[in-house]
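As a plain string of letters, each chain reads:
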Amino acid sequence: MTLGTYQQVKDALKNFGITDYTVIDHPAAHTTEEADAYIAGHEGVRTKTMFLKGKKKNFYMVIMDDKKTMDFHEFMTLTGAKRVSMARPEYLQEQLGLAPGIVSPFGLLNNEAHNVKVYFDKDIVDEPIQTFHPNENTHTIFIKTDDLFKFFKQIDFEPEIIDL
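Residues numbered from 1 in each chain as written. Predicted model: local features only at pLDDT ≥ 70, side-chain atom pairs only at ≥ 80, totals over all residues. Heavy atoms only, no water.

Undergrad: Please explain the layout of surface pockets as it appears in this structure.
TA: Rolled over the atoms, a probe with the dimensions of a water molecule shows which regions are left empty. Empty space within the largest pocket amounts to approximately 480 Å³. The wall of the largest pocket is formed by 28 residues, among which Thr32, Thr49, Gly101, Ile102 and Val103 lie closest to the centre. Those elements that place two or more of their residues in the lining of the largest pocket are helix 2 (32-38), strand 2 (45-54), helix 4 (89-96) and strand 6 (129-132). No other element matches the 6 residues that strand 2 contributes to the lining of the largest pocket. Broken down by class, the residue content of the lining of the largest pocket amounts to 13 nonpolar, 10 polar and 5 charged. (1 Å grid on protein atoms, 1.4 Å probe; cavity = no way out; pocket = protein on both sides within 12 Å on 5 of 7 lines; lining within 4 Å. Points joined across faces, edges and corners; volume = space filled by probe spheres on them. Helix = DSSP H or I, 4+ residues; strand = E, 2+ residues; numbered from the N terminus. Nonpolar A, V, L, I, M, F, W, Y, C, P; charged D, E, K, R; others polar.)

Shown next as structure tokens:
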């Protein structure tokens, strides 16, 4: 699978009628701390998106506030998932067309198998604006949460909200 691109995200959002978002261009950000520094002063919850693998090649995407620590045991208890860990880079490439450090919901555009379960931490669902890399780490997109959920609906994914 080829890597997802920023253009791919812009085209998809336009096709879905989602046009009210802001993008900040910046140098490549390899960590959430770097990305946060580039977008300081702009409104929106800073998110981190993790791509996880469980037993029997079950895949999960977890979206949460980037200041929060992922509790794998709690995640497994809440979801019933077994033996969950960070997915290896080759799974990330194979399932989402993304490289490590660039995981975002927009990678689901490339998940033709539709085999990734998406989870949102409840703490960020009520935030009006969320931030992500749009398949490239040289941009940060600020998208309304309502529009993000519209995006999920358009690509036929239904995120579950959990209390991490």
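Undergrad: Explain the pairing of strand 5 (residues 116-121) to me, please; I cannot follow it from the model alone.
TA: Along any regular strand, the residues point their side chains to alternate faces of the sheet. The buried count for strand 5 comes to 5 of 6 residues, which makes it a mostly enclosed element. One ladder, built from 5 bridges, connects strand 3 (residues 58-65) with strand 5; its direction is parallel. Bridge pairing links phenylalanine 59 to valine 116 in strand 5. (Buried < 20%, exposed > 50% of the residue type's maximum accessible area, 1.4 Å probe, protein only. Pairing = 2+ DSSP bridges.)

Undergrad: I keep staring at helix 4 and nothing clicks. Help me out?
TA: Owing to its 3.6 residues per turn, the α-helix aligns residues three or four sequence positions apart on the same side. Turning to helix 4, its buried residues number three or more, namely Tyr91, Leu92, Gln95 and Leu96. Buried residues along helix 4 cover an arc of 100° about the axis, so they all sit on one side. Here the buried face of helix 4 lies against strand 2, strand 3 and strand 5. Positioned one or two residues after helix 4, glycine 97 has a phi angle of 65°, which is positive. (Arc of directions from axis to C-beta. Contact = heavy atoms within 4.5 Å.)

Undergrad: I'm lost on the UniProt feature "domain: YbaK/aminoacyl-tRNA synthetase-associated" (unreviewed entry) in the protein in this one. Help?
TA: When the UniProt feature table is mapped onto this chain, "domain: YbaK/aminoacyl-tRNA synthetase-associated" (unreviewed entry) is found at residues 26-151. Note that residues 26-151 is 27% helix and 29% strand, and that its end C-alpha atoms are spaced 24 Å apart. (UniProt positions renumbered as here; feature names shortened; annotations may be inferred.)

Undergrad: What is the right way to read the pattern of salt bridges from this model?
TA: For side chains of opposite charge, pairing can occur when their charged atoms come near one another. The full count for this structure, using the stated rule, is 7 salt bridges. Here lysine 68 ties to aspartate 123 by a salt bridge, and the two come within 2.7 Å at their closest N and O atoms. Taken as a pair, lysine 68 in the loop between strand 3 and helix 3 (72-79) and aspartate 123 in helix 5 (residues 122-125) lie far apart in primary sequence, 55 residues in all. We classify aspartate 123 as partly exposed; its relative accessible area is 39%. Between lysine 122 and aspartate 123 there is a salt bridge; the shortest N-O distance is 3.4 Å. (Salt bridge = Lys/Arg side-chain N within 4 Å of Asp/Glu carboxyl O.)

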